[in-house]
Structures are given as C-alpha cells and as structure tokens.
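Residues per chain are reported as follows:
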Amino acid sequence: MCGIVGYIGENRALPVLIEGLKRLEYRGYDSAGIAYLKDGKLEIKKCKGRLACLDPMVANETIDSHVGIGHTRWATHGEPNEINAHPHMSFQSKIAIIHNGIIENYMRLKDWLIEEEGVEFKSETDTEVIAHLIEYFYEGDLLDAVYKTIDKMEGAYALGVIAKDEPDKIIAVRKDSPLIVGLGKDGNYLASDIPALLQYTRNMYLIENDEVVVLTKDSITIYDELKRIVERDVFEVTWDIESAEKEGFEHFTIKEIFEQPKGIYETLNRRLEKTNTINLDGIKITKENLEKINKVYIVACGTAYHAGLIGKFAIEKFAKIPVTVDVASEFRYRDPFVDENTLFIAVSQSGETIDTLSALREAKRKGARILSIVNVVGSSVARDSDDVFYTWAGPEIGVASTKAYTTQLIAMYLIALQMAKTVGKIEEVYYQEIIEELKKLPEKVQQILDNEEQIKQLADTQFNNEHVFFIGRSVDYDTALEASLKLKEISYINSFAIQAGELKHGTIALVEKDTLVMTIATQSKLFGKVLSNIKEVKARGAHVVAIAQKSNQEILKVADEVIFIPDTMDEVAPILSIVPMQLFAYYVSLARGNDVDKPRNLAKSVTVE
Ligand code: G6P
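Everything numeric in this text was worked out from a predicted model, so none of it was measured.

The full count for this structure, using the stated rule, is one disulfide. Here C47 connects covalently by a disulfide to C53, the sulfurs 1.9 Å from one another. Between C47 and C53, the S-S dihedral sits near 75°, and the bridge is therefore right-handed. Across the pair, C53 and C47 agree in class, each one buried. C301 takes part in no disulfide bond, and the closest cysteine sulfur, belonging to C2, lies 17 Å away. Look at C301 and you get partly exposed, because its relative accessible area is 23%.

So this is what it looks like as structure tokens:
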C-alpha cells in the first residue's frame, strides 16, 4: 500500500529519498513525508497530496543530512492530511518512523500509552503508537527498544526507524509487508520495492518475515526474531531501470498495454521447447502429484482473480480437472475444504497482496501443495510457494493491471496444457494446435494495438456515460468482468459485467435509450445466443459495441459498432479480446482528464487486509 524508503551514507540523503519515493508513488499517493537527522536533531517535513507537495519544502535548501527515511501514503487510519502523513515522531521527538501496513491492536496500545504514560497523540493513525512505544522502551539501545516494541504489536508492518541519539543507523523491520535492503557503494538503502533503489544499486537483500535489519553507512546486519544474526545471499537484480520508466509514452498504463506482445512472447518462450513441448522446469506437475489431487483452488484478487477464472476454464477444458476460483479475502473466512490432496494456485502480479498471501498460508497450513503465478521475482508469494511460474511481463507500474493479466493467462494455459498432457486427457493434435495458436498471439495482439485509433475514437464519443454494461457468455463473461474492472478503476464510470443470458433476470431493467452495452462475442458455439442478447438490449434502446473475431462479419448486422480482433481459436480468444477493452478504458480515462496511472483511492500493491 504505502511506499517506504531510507538511506544512510556519504551522499546527501534528501535527494535519494525523494528519487526513491518517486518510484514508489504507485503504492500510495495521498500524502508524503520525510524525516532526517541534522545537527543532532530529528527534522520532519510532510504534506497532503502527491509527492510533489514536498518540493517547496526541500527545493531551495541544501540540507546536509546523511541519514533519512521517506514515505508515500495510502490512507487506512485517518484521512489523508498533513498530520496523519508519515513520518511520525515520538513524544519527546527522539524517534521518527515510517510504516507500511496496519497495526491491528493499536487501540489497546494507544489507550495504554495515554493512561499509563500520559502520551499525547497527534494523529489518528495506527502508526504513531509505534513511535511512542519505541521511545518508551528506549534505554540507550535502539535495536533493543525496537525488539521490545514489535513484541507488543499485532498486524502487518514494514518499518523504518531513526533515532536522535543513534544517528549512525536506520533500523528496518518486516512482518507481512514487503521490504528490501540495497547495498550501495556510498551507503545503504531500504525500500518497499526494487524500482525505488535501482538507480543506486542492483544488489539487494530480500528481507524475510520477522526479520530486523540494522543499516549503517557501511554495513547491513540482518537479525531473526530471536535477535540472532542471519546470513543472506545477495540478490542481484537483472532487469533494467529503463523497463520501469515511461520511454516516451504519456503514461505507464499505455506503455504497459503496448508491451503485451513482448510480455506474452517472453512468458511463452521461456517455457516452450522447439518441439512445442512445455518445459515447466522447477514446477512439479508430475503424474503422481496430479493423481493425488482431488481439488484445485485458484485464489487471487482483482485482475489476477479474473485471470484465475480463465485458468479454471483452461484447466477444466484441457485437463478435465474441476477447479474452484475464489477471491482471496473471501477464501480464508470460508473454512475451505483444503487438505494435502488440494492443489492451490495463487495468482499475483506483485506477489505481495496480503489477502492472497494470507490465503496461501492458510492453504499451506492445511497441507495443500502451493503453485503460484507471480510477476515479481523473489516476492513473498513466490517465496512461500512450493512451485512458482514467473510471468515475464516486466515491472508493472500503472495501477490498472494490463500486461500482468495477459501474461498470467499465458501461464494458466501452459499449466493447464501440461496438466492435461500429464494426466493423458488431451489429444496430441489438439494440444499442438493450441500451442501453435499461442505462438501467434504476440503478432495478433500487435494487430489489435495497431487498430488503436478506432478504439480512441470510440472512447472520445462514449467517455461521458454514467454507466456502462459489459456482457458475454462463458469465457467472454470472464473477459467482461476484467474489462469492466479496467473501466471503473481508471475512468470512475459505474460499470459492471453480467452474463449475457442473465440480463433478462433483472438487470435489463436498467437498460434505456443510449445505454452503452459492450458485448464480448468471441465464442462461436455461443454466438447465436449472444446475438439474441444483443437484440434484447437493442430493443430497449441500447447502443451496442461488440468485440468479435474478424471472420464473424454477421455481427455487423446487429451491433451498432464492432471492434474486430484477429481470428483465433475460441479457446484462447480471452488473451486477445481484453486488449481493445484495456485501450478503451485508457482512452476514456484520458478523455475524462483523470490521472490514469494513479487513479483515486487505489494502490498498486495492497498490503493491508
Ligand atoms: C490491487 C490492484 C489491482 C490488482 C490487485 C491484485 O487492487 O489495484 O490492479 O489486480 O491489487 O494485485 P496482485 O499484485 O496480487 O496481482
């Protein structure tokens, strides 16, 4: 959710903090702040709004500080304002902290600090309690005070702590919120995420749960929960900083939409042999494993959940194994039927979504085998899984997930096909046909992107709608769900998806003159049925835009407008049909003057429940 960063070293800390925060702003952007040590004193500067609100406070000063922490916030406790912005200071101004996560027992701790110690709280945040507690426990040893504090805390947190009386160090802590530490030549760093540090170093330590790190300008020491020193291998980041930059595109979102041919190609290519066999090295989908499995759960959130729905379609269609798909925040509290004969597939771009991570841990506790589909290498979901299928989308910065989704679909198809082959449920000819079609997808996605202008024009005429419906049947309904989510996330238009056949059971009451009904109609065996549904809404005055395969010219007779995708096998059509819908959401958002990359109220990586 929030982004945290810290630096201690030879260089001036403030520019490092601000640069780092710029790359973390996608994690939250309702307020920002920094704290640093200067002339033996802790200073804090913070403000409401985007990171740029800090500029006037730091621009004209050459603040000579070499240790500091910074934060960009996504509000959970207390509205976004200057007081609730991080960093937070302790009651005698000895400790400053930044926090990403939620302290679940903060009310109890707060009451105790007020009653016993007479501490005056300034903010409404859960975080402030941590600063006061550390100072309360401080008796000349910051590390000791941090350990005593976290012992009292329940919840999720990544923390950065600096202290007036120990200016030679930053302490960082991780529990269920992401944290990495960077080893630089002129100092050391901490951050929520790799892009924040890439301009300074490629060498990182991935910090594990319950670990505490002491950073000085020339050392990094990692401790476990019992304060024993932990040895950790350096993780070298191999991707370039350029891939986390806009490269001439106006927004990350459109850049990432256009990167899909590459992401799909890479994700396929790393798993396909020349002979068209799928190489799932490192993932144990053995006959023996699969024969034991009597249940498959796919669990995820948001866009990744929609990839899971298509995954269900692919696994059931190819491997004939029944699959249940659930949103992670529901799964945990359902008391699901999970045991050692369950295959649990977690899908997550970031690999840090707390709902997905908690669901995964719950399934693991119950004995399930965990396979994850993840984009971020070394992320928490990846580390907690038995097997990982990495997607090769590259870093995704835009809050609305696009290239992560299409690469997740590729992963799902490859896993489904491999399962099918392993259990002997798929004919070789059919298997080969699908693989050949998958290989053509990068080129076909490119053709859709080349048709950008038609979609832009559609968006320019439809951006003022108050609500939009997305309809489809079977996998086209799954695509409709994702298309609708994309539109609402970045355009703020009230949109929703419904199964085309279900419309008549209530929702059609909402259709009136000029209601925009986006219809996904890529499945030949359902085509006649969808045509009837189009006619039903048209009879009530709807304006229908259909997405169909190119050879399906018949649809021109019923829909008001048609966006054609290249012809493909119906089974893999979801990988193509979502692309024009992503472009549509992007151009509608642009036409409405929204901040496409950072839509209101949302965050890219949701590390609170
Ligand atoms: C947030 C993002 C969504 C994303 C979801 C799951 O809500 O705004 O775009 O789909 O989290 O994220 P994950 O990283 O687990 O795929």
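Having seen the structure, we can now continue with the description.
One pass over the structure, following the stated rule, counts two cavities of 30 Å³ or more. Of the pockets and cavities examined, the largest cavity occupies roughly 80 Å³. Along its surface, the largest cavity is lined by 15 residues, and T76, H86, G101, D126 and T127 are the ones closest to its centre. Class assignment of the residues belonging to the lining of the largest cavity gives a composition of five nonpolar, eight polar and two charged.

All right, on to the domain arrangement of the protein then. Looking at the protein, the domain boundaries give domain 1 (3–245), domain 2 (253–447) and domain 3 (451–591). Relative placement of domain 1 and domain 3: their C-alpha centres are 45 Å apart.

Another aspect to go through is the layout of surface pockets. A volume near 920 Å³ is recorded for the largest pocket. Taken together, 46 residues make up the lining of the largest pocket; nearest its centre are W239, N375, A393, G394 and P395. Taken together, the elements giving at least two residues each to the lining of the largest pocket come down to β15 (235–236) and α7 (260–269). When residues in the lining of the largest pocket are grouped by element, the largest group, three residues, is from α7. Residue assignment places the lining of the largest pocket across two domains, with domain 1 (3–245) and domain 2 (253–447) each supplying three or more. Size it by volume and the second largest pocket reaches roughly 550 Å³.

Quick notes on the rules
Residues numbered from 1 in each chain as written. Predicted model: local features only at pLDDT ≥ 70, side-chain atom pairs only at ≥ 80, totals over all residues. Heavy atoms only, no water. Disulfide = S-S within 2.5 Å. Buried < 20%, exposed > 50% of the residue type's maximum accessible area, 1.4 Å probe, protein only. 1 Å grid on protein atoms, 1.4 Å probe; cavity = no way out; pocket = protein on both sides within 12 Å on 5 of 7 lines; lining within 4 Å. Points joined across faces, edges and corners; volume = space filled by probe spheres on them. Nonpolar A, V, L, I, M, F, W, Y, C, P; charged D, E, K, R; others polar. Domains from an automatic or database assignment. Helix = DSSP H or I, 4+ residues; strand = E, 2+ residues; numbered from the N terminus.

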